Every structure is written in structure tokens, then in C-alpha cells.
Amino acid sequence: MDESTSPATASSIRTWPPVAAPGQDPTAKAPTAEDDEPGQSVEGAQLLDELREAIARYVILPSSEALTAVTLWVAATHIQPALQHAPRLAVVGPAKRCGKSRLLDVLTETVREPLITVNTSPAVVFRAIGEDPPTLLVDEADTIFGSIKAAEKNEELRGLLNAGHQRNRPALRISGPEHKPQAFPTFAMAALAGIGDLPDTVMDRSVVIRMQRRKAGERVEQFRSRRDIPALHALRDRLTAWLRPLTDTAADLVPPMPVQDRAADTWEPLVVVAELAGDSWPERARAACVAMCAAEVGQEDESNVKTRLLKDVRRVFACYGDPDSVRTRDLLEELLKDQEAPWAEYRNTGLTARYLGILLKDFGIQAAVLRFEGGRQARGFARTQFTDAWARYCPEEQPPSGYGTTRHESADHP
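Quantities reported herein were computed from a predicted structural model and do not represent experimental measurements.

Caption draft 1: Structural view of the side chain of Q80. Inspection of the secondary structure assignment puts Q80 in the loop between α2 (64-76) and β1 (88-93). The contact partners of Q80, leaving out residues within four places of it in the chain, are P133, P134, T135, R167, F187, A188, M189 and R244.

Structure (C-alpha cells):
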């Protein structure tokens with residue numbers, strides 16, 4: 001018999017998943033080599049569908065993509081040892097009664113090894129995180145970061161959350177009676193719920209869920225611990241039974257991502273879970289990633305004062321016909337005229353030359369004495385000082401190119 005048509009030996013066929021999945025009939029037909037790919041786990045897709053339905057039963061998420069993201073984030077907590085990055089789940093809302101705490105209730109009963117707290121200290125978190133860390137769940141995060149004074153007081157906790165986004169970023173502290181430096185692990189999945197945005201550095205490492213208060217007519221089931229927790233725990237245990245044996249497989253997966261840089265790091269664990277589940281989940285995961293990352297870019301554009309300033313300065317230069325330089329006083333006058341911009345009320349007194357210099361300093365832009373028309377000298381800014389910052393932080397949108405065209409075309413194809 002030809003080797004290409006000979007029956008495969010038992011040792012040559014790898015199974016997927018490597019152990020029987022929950023609810024799987026042990027007498028069922030063994031999988032073949034054709035099944036030996038991530039994305040063929042029917043049980044995994046069904047489990048994620050059930051988890052998605054369970055979350056939606058008690059909480060109304062702001063979008064279908066957000067519901068998909070929360071579902072995948074919960075599942076990703078069950079393969080923490082396989083992950084290079086531990087995405088934060090930022091559950092934020094503009095006011096009370098938006099469902100933030102209720103979502104944390106559901107997460108507590110479905111994530112792996114939950115450690116929930118309303119207010120905590122960095123010392124407690126340092127000692128709670130180990131080689132196989134719990135899933136941190138922090139409610140009322142606005143009491144920790146909601147004001148300048150509170151944020152300054154909890155700067156150490158913010159640093160811990162930032163470091164713990166990536167594996168192998170321990171925190172060094174002096175500990176013990178001999179006062180020797182000790183490395184504390186920081187890597188752990190974490191969900192934080194609160195009113196208003198978390199610090200920028202935490203939001204940048206988060207899958208952001210922007211909750212809204214329910215409208216009239218929107219209904220969810222009441223969450224009752226005695227009645228509902230057993231069913232959620234059963235679902236949690238099935239997730240563990242499915243995913244924990246796939247830890248090594250998950251660690252080896254490097255799925256193609258529709259985003260780049262830190263956004264890709266943050267969303268990769270969710271896409272890995274989707275790839276393990278298969279069915280429609282990989283497509284749904286990537287669609288959620290693209291939509292939610294794009295929404296956060298829009299949020300940043302509105303809230304990032306420095307980026308807004310760069311855009312408005314570019315507008316002022318355009319209003320003057322893109323000259324080589326603009327006087328500081330003229331630049332400020334035009335900025336303050338815009339009633340839709342924050343400059344007239346900036347720091348309660350309005351944007352001044354001093355504040356303008358502070359905001360532009362991080363971009364390496366400083367006012368200087370320049371020569372203008374008529375030979376007069378005055379403090380101002382050269383347009384060339386801004387070109388690099390504009391290109392990096394607020395590039396002008398380019399019209400989309402047609403489908404089927406290539407970046408480089410030969411002379412034979414004009």
C-alpha cells in the first residue's frame with residue numbers, strides 16, 4: 001500500500017481538544033487529523049454562546065461588540081498562565097445605576113479565582129498575586145482614581161496595574177526585618193468598575209466597556225445569589241474544564257490581529273480564546289476589536305487636551321494661509337475665539353502663553369523670538385516645529401484608495 005494512502009497510526013493523530021470536553025460522549029468517534037486545528041472545538045463555541053447569554057440575562061451592555069468582548073475576557077481569565085498580556089476590563093459609566101456593579105457580580109461568579117474588593121491597598125494586591133494569580137475585581141474605582149488628590153494617594157496602585165498588564169514586570173519593594181529588596185509579581189487579569197474614566201495609562205491597557213443607564217422598556221433579570229450563582233458556577237467550571245487543558249496550545253497561538261501596538265497586546269488574549277472556540281467566534285472577536293478600539297480613539301480625541309491643541313493650532317495656521325510662523329498672541333487670539341474648544345475656559349482663566357508652552361513642551365515645541373513682516377520681532381511659533389507632531393499624533397485623513405490598486409506601480413502600468 002502506498003504510504004500516502006496508508007492508515008495513520010494512533011500515535012500520529014493528535015486530538016483536539018487534548019482531553020474530553022465537558023459533556024462530550026467518551027464513546028463518540030475519535031477526531032481525525034482534519035479536526036486538528038484551533039477553531040474546531042464545537043463545545044468551546046457552545047460554551048461561549050452560553051456565557052454570552054448568561055451575561056446578557058442580567059446586564060445590558062452598550063453594544064453587541066461589548067457583550068462579545070466581556071464574554072471573551074471572562075474566558076481568557078481561565079488561561080492566564082498562557083498569556084503574555086493581561087488585559088484590564090474598564091467598566092465605566094457617566095453616572096450611578098448604569099449596571100457596572102451588576103456586571104461585576106456576574107464576572108465574580110464566572111472568572112477564574114476572583115478576588116473582589118471595593119477599596120484596597122497596593123500592599124494587599126502585591127501579596128495576593130502569585131505565580132498563578134487571581135482575577136482582580138475592583139468596584140467603585142472612582143473612589144481610588146476619581147479625584148486628583150485620590151489619584152495621587154493611589155499612584156502606587158496605578159503603577160501596579162500598569163506593570164501587571166505584561167508578564168515579567170515585577171515590582172521591587174523593601175521587605176522583611178532585614179529590609180532587603182523583594183520582587184513582587186504584578187501580572188494578573190483585572191476588571192475595574194467606576195464612574196468616569198480611569199487614569200489614561202490604565203485605560204490604554206484596557207478593553208473599555210462604556211455602560212449606559214437602561215432606557216424605559218429595557219428589561220433584565222434580577223440577580224439573586226442563592227438562585228443564580230450555582231448555574232454561573234457550573235458554567236465557570238465547564239469553562240475551566242475546556243480551557244485549562246489547552247493552556248500550552250493557547251501559549252503557542254499567535255493570531256493575526258486587526259489592530260497594532262498596545263491595542264493588539266490587549267486584545268490578543270480575547271482573540272486567542274475565540275480561535276480556540278472556532279465557529280463564528282474568531283470573526284466576532286476581531287469585529288469587536290476593530291469597532292471598540294476605533295470608538296476609544298474617538299474618545300481619546302475628545303478628551304486628550306494636547307492632541308486637541310495640536311489640531312487647533314493646525315487650523316489656526318490654515319486660517320492664516322499656512323505661513324512660516326505665527327505670533328503667539330495671534331495664535332492665542334484665534335484659539336480663544338473657538339466657542340466649541342476648551343481654551344476659553346482652560347484652567348478657569350483661559351489659555352495663556354504660559355499654559356500654551358506647558359502643553360506643547362512634551363512635543364518639543366517652544367516659542368521663540370522670530371522676525372515677522374515689516375522686520376518686527378515677536379515671540380511666536382514656526383510652522384516647521386509642528387509638522388512632526390502633527391504627523392505623529394493627529395495625521396490628516398487621507399482619501400481611501402480604490403480596491404485592487406497596488407502601492408508601487410511600474411512604468412508599464414501608469
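Caption draft 2: Seen up close, the environment of I79. Residue position: I79 is located in the loop between α2 and β1. A relative accessible area of 0% places I79 in the buried class. With 165 residues separating them along the chain, I79 and R244 place their C-alpha atoms 6.0 Å apart. The contacts of I79, once residues within four sequence positions are left out, are L243, R244, A250, V272 and V273.

Caption draft 3: Structural context of the packing of helix α1 (residues 42-58) against helix α3 (residues 100-110). Where α1 meets α3, the axes come as close as 9 Å, and the angle between the chain directions of the two elements is 145°. Crossing geometry of α1 relative to α3 is assigned as right-handed. Contacts between α1 and α3 pair L51, I55 and Y58 from the former with R102, L103, V106 and T110 from the latter. Taken together, the residues of the contact of α1 with α3 sort by class into five nonpolar, one polar and one charged.

Caption draft 4: Inspection of the environment of T110 at higher detail. Mapped onto the elements, T110 comes out in helix α3. Exposure remark for T110: the relative accessible area of 0% places this residue in the buried category. Among all residues touching T110, those that are not within four sequence positions of it are L51, V74, H78, L232, R236 and L239. Looking at T110, its side chain comes within polar contact range of the main-chain oxygen of V106, at 2.9 Å.

Caption draft 5: Inspection of the sheet that holds strand β9 (residues 368-371) at higher detail. Taken together, the three strands give an open sheet; going across it, the order is β8-β10-β9, and neighbouring strands pair in antiparallel fashion. With one partner strand each, in any of the chains shown, β8 (325-327) and β9 form the two edges of the open sheet. Geometrically, the sheet is characterised by an average inter-axis angle of 65° between neighbouring strands, direction not taken into account. Summarising the sheet, β9 and strand β10 (residues 377-382) pair through four bridges and their orientation is antiparallel. Along β10, the bridge assignment pairs L370 with A378.

Caption draft 6: Focus on the pairing of strand β3 (residues 135-138). What you see with β3 is no split at all: T135 and L137 on one side and L136 and V138 on the other are buried throughout. Two strands pair when backbone bridges link them, and strand β2 (residues 114-117) and β3 are joined in this way by four bridges, in the parallel orientation. What sits directly across from I116, in β3, is L137.

Caption draft 7: Broad picture of the packing of aromatic side chains. With the rule as written, the count across this model stands at eight aromatic pairs. A ring pair is formed by W343 and Y346, whose centres lie 6.1 Å apart and whose planes are at 55°; its orientation type is tilted. Residue W343 is classed as buried on the basis of its relative accessible area of 0%. Taken together, a centroid distance of 5.1 Å and an interplanar angle of 65° make the contact between F363 and Y393 edge-to-face. On the criterion of sequence distance, the pair formed by F363 in the loop between α15 (353-361) and β9 and Y393 in helix α16 (residues 384-393) is long-range, its members being 30 residues apart. Residue classification places Y393 among the partly exposed positions, given a relative accessible area of 47%. The lysine or arginine in question, R284, covers the ring of W281, its NZ or CZ lying 4.0 Å from the ring centre.

The rules we used
- Residues numbered from 1 in each chain as written.
- Predicted model: local features only at pLDDT ≥ 70, side-chain atom pairs only at ≥ 80, totals over all residues.
- Heavy atoms only, no water.
- Helix = DSSP H or I, 4+ residues; strand = E, 2+ residues; numbered from the N terminus.
- Contact = heavy atoms within 4.5 Å.
- Buried < 20%, exposed > 50% of the residue type's maximum accessible area, 1.4 Å probe, protein only.
- Axes fitted to C-alpha atoms, helices over the stretch in contact; angles between N-to-C directions.
- Left-handed = near helix turned anticlockwise from the far one by under 90°.
- Nonpolar A, V, L, I, M, F, W, Y, C, P; charged D, E, K, R; others polar.
- Polar contact = N/O pair within 3.5 Å; in protein donor to acceptor, adjacent residues only side chain to side chain.
- Pairing = 2+ DSSP bridges.
- Phe/Tyr/Trp six-rings, centres within 6.5 Å; stacked < 30°, edge-to-face > 60°.
- Lys NZ or Arg CZ within 6 Å of the ring centre and 35° of its normal.

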